[in-house]
Amino acid sequence: MNIFKSPIEELPYKSTVVTVGTFDGVHKGHQDIINKVNNESSLLGALSVLVTFEPHPKLVVQHKNRPPIHLLTNRDEKVALLESMGLDVLVVSQFTPEFASTSAEEFVRETLVKKIKMRSIIIGHDHAFGRNREGNESLLKMLGSELGFQVHAVKPRKIKAGIISSTSIRCSLENGDVEIAKQYLGRAYSVSGLVVKGRMQGRKLGYPTANIFPGDLDKLVPKAGIYATTVEIDGQMFNSVTYVGARPTFKDNDFVIEVHVDQFDKDIYGEKITVFFHSYLRSDQKFTSKEELVKSIKADKQNAIKYLHNGGIN
């Protein structure tokens, strides 16, 4: 996959099939759109192109009265997922307040048609882009008739839990519903970060943990609580149980992600690991004694391993 960053010059291609959007999470609905782009490009003998924006537009034009947005995928995660889907070209357009004021028509004419050589565009059923979100299906079809490109809208992907969207996935994770998020994404939600030294409380209790510091502060961390997880360390997968929260028992108020890896005792300080969230086991809580805490940790580990052994990671 060739990657171009804005401001881009005229791309060295004869024709392309394009989709445009933030694609945060690259969920099943996004995957339907990308598959359509790939199929259409094969039919037309063109290259498949995805145009996305960095940083996420909502981080740039965040409304004061709305809570800050947290992302499902950082740039590296999104690039890796898009590349795995077989796209030919990724265009990463820098999103600035000035860019936000660009009209959809100007973006289509000057960037998509003139520079990217768009012959066909694939959009989601309710997708809109450009100033005031005016780049909708109606405008695209009008411009397509004039400029000679086709417009295809992909129907929304639905599952029992509802219509798949990045917003619905964020809500699920914020509620601890990681199993629903997994259905929407088509994979377990993950958080990566460096293993840093903590207060060694887990080791003192007989359950050593890896404390993860996520490198991207905009990355969404699921609701506080205990989770059945798997963790990737140096290319290998291990069963694990993960705590997310502020450790109320110890009254230190530090928000942490602590992973106890089953049957693992290597020193991994400073290494990057990835935690995959499979099931929410219980809420965070304060314990009145060390013995009560240790008993709960033991039960949490047993429940996590039982869940994972029973096929919960599928």
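For the structure itself, consult the block above.
All of these numbers come straight from a predicted model, not from anything done at the bench.

J.: Would you mind showing me how to read the sheet that holds strand E5 (residues 118-124) here?
T.: Strand pairing in a sheet relies on backbone hydrogen bonds. The paired strands run either parallel or antiparallel. The 6 strands lie next to each other as E1-E4-E3-E2-E5-E6, forming an open sheet whose pairing is parallel. A strand with exactly one partner marks an edge of an open sheet, and here the two such strands are strand E1 (2-5) and strand E6 (150-154). The average undirected angle you get between the axes of adjacent strands in this sheet is 25 degrees. Inspection of the sheet shows strand E2 (residues 16-20) paired to strand E3 (residues 47-54) by 5 bridges, in the parallel sense. Bridge pairing links Val18 to Val49 in E3. On the sheet, helix H1 (residues 28-44) packs against E2, E3, E5 and E6 and is oriented at approximately 160 degrees with respect to E5. Docked against the sheet, helix H6 (residues 137-147) engages E5 and E6, running at close to 155 degrees with respect to E6.

J.: Is there a simple way to think about a nonpolar patch on the surface in this case?
T.: Taken together, Leu194, Val196, Phe213 and Leu217 make up a surface patch of nonpolar side chains, about 400 Å² in accessible area. With respect to the element layout, Val196 can be found in strand E9 (residues 189-196). What makes Val196 partly exposed here is its relative accessible area of 35%.

J.: For this particular structure, what's the right way to read the sheet that holds strand E14 (residues 272-282)?
T.: With respect to topology, 6 strands assemble into a closed barrel ordered E9-E10-E13-E12-E11-E14, the strand pairing being antiparallel. When strand polarity is set aside, the average angle formed by the axes of neighbouring strands in this sheet is 45 degrees. As paired strands, strand E11 (residues 225-233) and E14 are joined by 8 bridges and run antiparallel to one another. Its bridge partner being in E14, Ile226 is matched across the sheet by Arg282.

J.: I would appreciate a short explanation of the environment of Pro97 in the present structure.
T.: Of note, Pro97 is situated in helix H4 (residues 97-100). On the basis of relative accessibility, which here comes to 52%, the residue Pro97 falls in the exposed class. Separated by 100 residues in sequence, Pro97 and Lys197 have C-alpha atoms that sit 39 Å apart.

J.: How should I be thinking about the nonpolar core in this particular structure?
T.: The tendency in soluble globular proteins is for nonpolar side chains to be buried as a group. In terms of nonpolar packing, the biggest core is built from 27 residues, with Leu173, Tyr189, Val231, Ile233, Ile273 and Phe277 touching the most fellow members. Every element with two or more residues in this core is listed here: helix H7 (166-174), helix H8 (178-185), E9, strand E10 (210-214), E11, strand E12 (236-245), strand E13 (256-261) and E14. Broken down by element, the residue count for this core peaks at 4 residues, all from H8. Excluding its chain neighbours within four sequence positions, the residues that come into contact with Ile233 are Phe238, Val261, Phe264, Ile268, Glu271 and Ile273.

J.: Could you clarify how one ought to interpret the pattern of salt bridges in this entry?
T.: Here the idea is simple: oppositely charged side chains can pair when their charged atoms come close. Across all of its chains, the model carries 12 salt bridges by this definition. In this structure, Asp32 engages Arg157 in a salt bridge whose closest nitrogen and oxygen atoms are separated by 2.8 Å. Of the two residues, Asp32 is situated in helix H1 and Arg157 in the loop between E6 and strand E7 (158-159); the sequence distance between them amounts to 125 residues. Here Glu110 makes a salt bridge to Lys114, at a shortest N to O gap of 3.8 Å. Looking at Lys114, the relative accessible area reads 49%, which means it is partly exposed. Bridged by salt links that share partners, the residues Glu105, Arg109 and Glu146 form one connected network.

J.: Where do I start with the packing of aromatic side chains in this structure?
T.: Aromatic ring pairs are reported here in terms of the distance separating the ring centres and the angle at which the planes meet. Taken as a whole, this structure holds 10 aromatic pairs when the rule is applied. Residues Phe4 and Tyr13 carry aromatic rings whose centres are separated by 6.3 Å and whose planes lie at 85 degrees to one another, so their mutual orientation is edge-to-face. By relative accessible area, which is 14% here, Tyr13 ends up buried. In this structure an aromatic cluster arises from ring pairing among Phe53, Phe95, Phe99, Phe107 and Phe129.

J.: Please clarify how the pairing of E11 should be interpreted in this entry.
T.: Two faces belong to every sheet, and in a regular strand the side chains alternate between them. Counting buried positions along E11 gives 8 out of 9 residues, so the element sits mostly inside the fold. Direction of pairing for E11 relative to E12: antiparallel, over a ladder of 9 bridges. Within the sheet, the bridge partner assigned to Gly225 lies in E12 and is Val244. As consecutive antiparallel partners, E11 and E12 are separated by 2 residues, and within that stretch Asp234 has a phi angle of approximately 55 degrees, a positive value.

Here is what the cut-offs are and how they apply
- Residues numbered from 1 in each chain as written.
- Predicted model: local features only at pLDDT ≥ 70, side-chain atom pairs only at ≥ 80, totals over all residues.
- Heavy atoms only, no water.
- Pairing = 2+ DSSP bridges.
- Helix = DSSP H or I, 4+ residues; strand = E, 2+ residues; numbered from the N terminus.
- Axes fitted to C-alpha atoms, helices over the stretch in contact; angles between N-to-C directions.
- Contact = heavy atoms within 4.5 Å.
- Patch = residues over 30% accessible without salt bridge, like charges linked within 9 Å, V, L, I, M, F, W, Y side chains within 5 Å.
- Areas by Shrake-Rupley, 256 points an atom, 1.4 Å probe, with all protein chains shown as cover.
- Salt bridge = Lys/Arg side-chain N within 4 Å of Asp/Glu carboxyl O.
- Buried < 20%, exposed > 50% of the residue type's maximum accessible area, 1.4 Å probe, protein only.
- Core = buried A, V, L, I, M, F, W, Y, C linked by side-chain atoms within 4.5 Å.
- Phe/Tyr/Trp six-rings, centres within 6.5 Å; stacked < 30°, edge-to-face > 60°.

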